[in-house]
Amino acid sequence: MAELSRITVEPREPLAAEVSRRLIDYLMSGEVQPGDRIPSERQLTEMLGVNRPTVREAIKSLGFLGLLEIRQSSGTYFRGTDSDVLYRLFELGLVLGERGAKDMVQARAELEVVVAGLAAEARDQAGVDLLRARLKAMHECPDEEFAEADTAFHAALAEMSGNSVLRDMLKGMRAMIQRGWVERTGAVRTRKIAYDDHVPIFEAVEQGDGPAAREAMSRHMRGASRRLHEALEQNTGH
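For clarity, every value in this text was computed on a predicted model and none was experimentally measured.

> An account of the environment of R226 is needed here, citing residue identities and associated values.
Positionally, R226 belongs in helix α10 (residues 210-236). Note: C-alpha distance between R226 and V105 (121 residues apart in sequence) is 9.7 Å.

This is how it looks when you write it as C-alpha cells:
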C-alpha cells in the first residue's frame with residue numbers, strides 16, 4: 001500500500017493545501033482503486049503528523065472536487081478520477097510542486113506559440129476586430145484591470161485558433177499560473193513591456209502571417225517565463 005509520510009510544515013503554503021496535495025499523490029499512486037476506503041481522519045492525523053481539523057478540511061476539499069466520497073458513519077472512499085476532476089485539480093494547482101510549476105509554464109508557453117500561428121492562419125474580420133478591441137483595452141484600462149485585459153487578449157487569440165482543446169487547456173493553465181504562482185510569488189512585469197509585447201502579435205495575426213505570429217508570441221513567452229522563473233527562485237531561495 002502507498003505510504004503517507006509525516007509533513008514538515010513550510011510557511012509558504014497553508015497546511016490544509018499540503019495535506020490535500022499529499023492525499024492526491026496517495027490517491028494517484030495506482031495502489032488505491034476507485035471504491036476503496038481511505039484511512040480514517042484519526043489514522044491520517046497520526047500518519048501525517050497534523051491536527052484533525054486540518055485533515056478534515058483537506059478531505060472536505062477533495063470531496064467538493066469529486067475525488068472523495070464522504071459517507072456518514074461509514075468512512076471516506078476514493079471515487080476515482082475522470083477528466084473533469086483532473087482538470088479542476090490542475091486548475092487549482094493542487095498537483096503541482098516547484099518542478100511541476102516550471103513544467104506548466106513551459107507547456108503553456110509552447111501552446112501559446114502554436115495558438116498564435118493557428119489564429120493568424122484562421123483569422124477573419126470579426127476575430128481581428130475583437131483582438132484589436134482587446135489590445136485597445138490593455139492600453140486604456142486602469143492598472144488594476146490590466147491582468148484581466150491581458151488574459152482576455154490571449155483568450156480571444158485562442159478562440160480565433162479554432163481549436164477548442166487548445167483553447168480549454170490554455171484557459172486552465174493561465175488560471176493556474178496566475179492563482180497558483182503569480183499571486184503567491186508576486187511575479188510581475190511592467191505594464192509597458194507587457195503591452196508592447198502584444199502589439200506585434202496582433203499585427204502578425206491581422207496580416208495572416210503565421211510564422212510572424214509564432215515568433216512574436218515566442219518572444220513574449222520567453223520574457224514572461226523568465227520573469228516567472230526568477231520570481232520563483234527568489235521566493236524559494238533556490
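Okay, back to it.
> Break down unusual backbone geometry for me, with residues and values.
Of note, S73 is a non-glycine position whose phi angle comes to about 60°, a positive value. Summarising the element assignment, S73 is placed in the loop between β1 (68-71) and β2 (75-78).

> Describe the pattern of salt bridges, with residues and values.
Taken as a whole and judged by the stated rule, the model has 16 salt bridges. The residue R108 makes a salt bridge to E112 at a minimum N-O spacing of 2.9 Å. Taken together, the positions of R108 and E112, both in helix α5 (residues 98-122) and four residues apart, correspond to about one turn of that helix. Judged by relative accessible area, which is 14%, R108 ranks as buried. Linking D143 and R191 is a salt bridge whose minimum nitrogen-to-oxygen distance equals 2.6 Å. Residue D143 is found in the loop between α6 (125-140) and α7 (146-161), and its partner R191 is found in helix α9 (residues 191-206); the two are separated by 48 residues along the sequence. What makes R191 partly exposed here is its relative accessible area of 24%. Each of E41, R52 and R56 takes part in a single network of salt bridges with overlapping partners.

> Please provide a residue-by-residue account of the pairing of β1, values included.
Consecutive side chains along a regular strand alternate between the two faces of the sheet. Bridge count between β1 and β2: four bridges; the pairing is antiparallel. Each bridged residue has a counterpart across the sheet, and for L68 the counterpart in β2 is F78.

> Kindly report on the packing of helix α1 (residues 15-27) against helix α3 (residues 52-64), identifying the contributing residues and their values.
Two quantities define a packed helix pair, namely the angle between the axes and the distance from one axis to the other. Remark: α1 packs on α3, axes separated minimally by 8 Å, with the N-to-C direction vectors making an angle of 60°. By the angle between their directions, the pair α1 and α3 is classed as oblique. Along this stretch, α1 crosses α3, giving a crossing that reads as right-handed. Side by side, α1 and α3 meet where L15, A16, V19, S20, L23, I24 and L27 of the first sit next to T54, V55, E57, A58, I59, S61 and L62 of the second. Among the residues making up the contact of α1 with α3, the classes are represented as ten nonpolar, three polar and one charged.

Conventions used here
Residues numbered from 1 in each chain as written. Predicted model: local features only at pLDDT ≥ 70, side-chain atom pairs only at ≥ 80, totals over all residues. Heavy atoms only, no water. Helix = DSSP H or I, 4+ residues; strand = E, 2+ residues; numbered from the N terminus. Salt bridge = Lys/Arg side-chain N within 4 Å of Asp/Glu carboxyl O. Buried < 20%, exposed > 50% of the residue type's maximum accessible area, 1.4 Å probe, protein only. Pairing = 2+ DSSP bridges. Axes fitted to C-alpha atoms, helices over the stretch in contact; angles between N-to-C directions. Parallel < 35°, antiparallel > 145°, perpendicular 65-115°, else oblique. Left-handed = near helix turned anticlockwise from the far one by under 90°. Contact = heavy atoms within 4.5 Å. Nonpolar A, V, L, I, M, F, W, Y, C, P; charged D, E, K, R; others polar.

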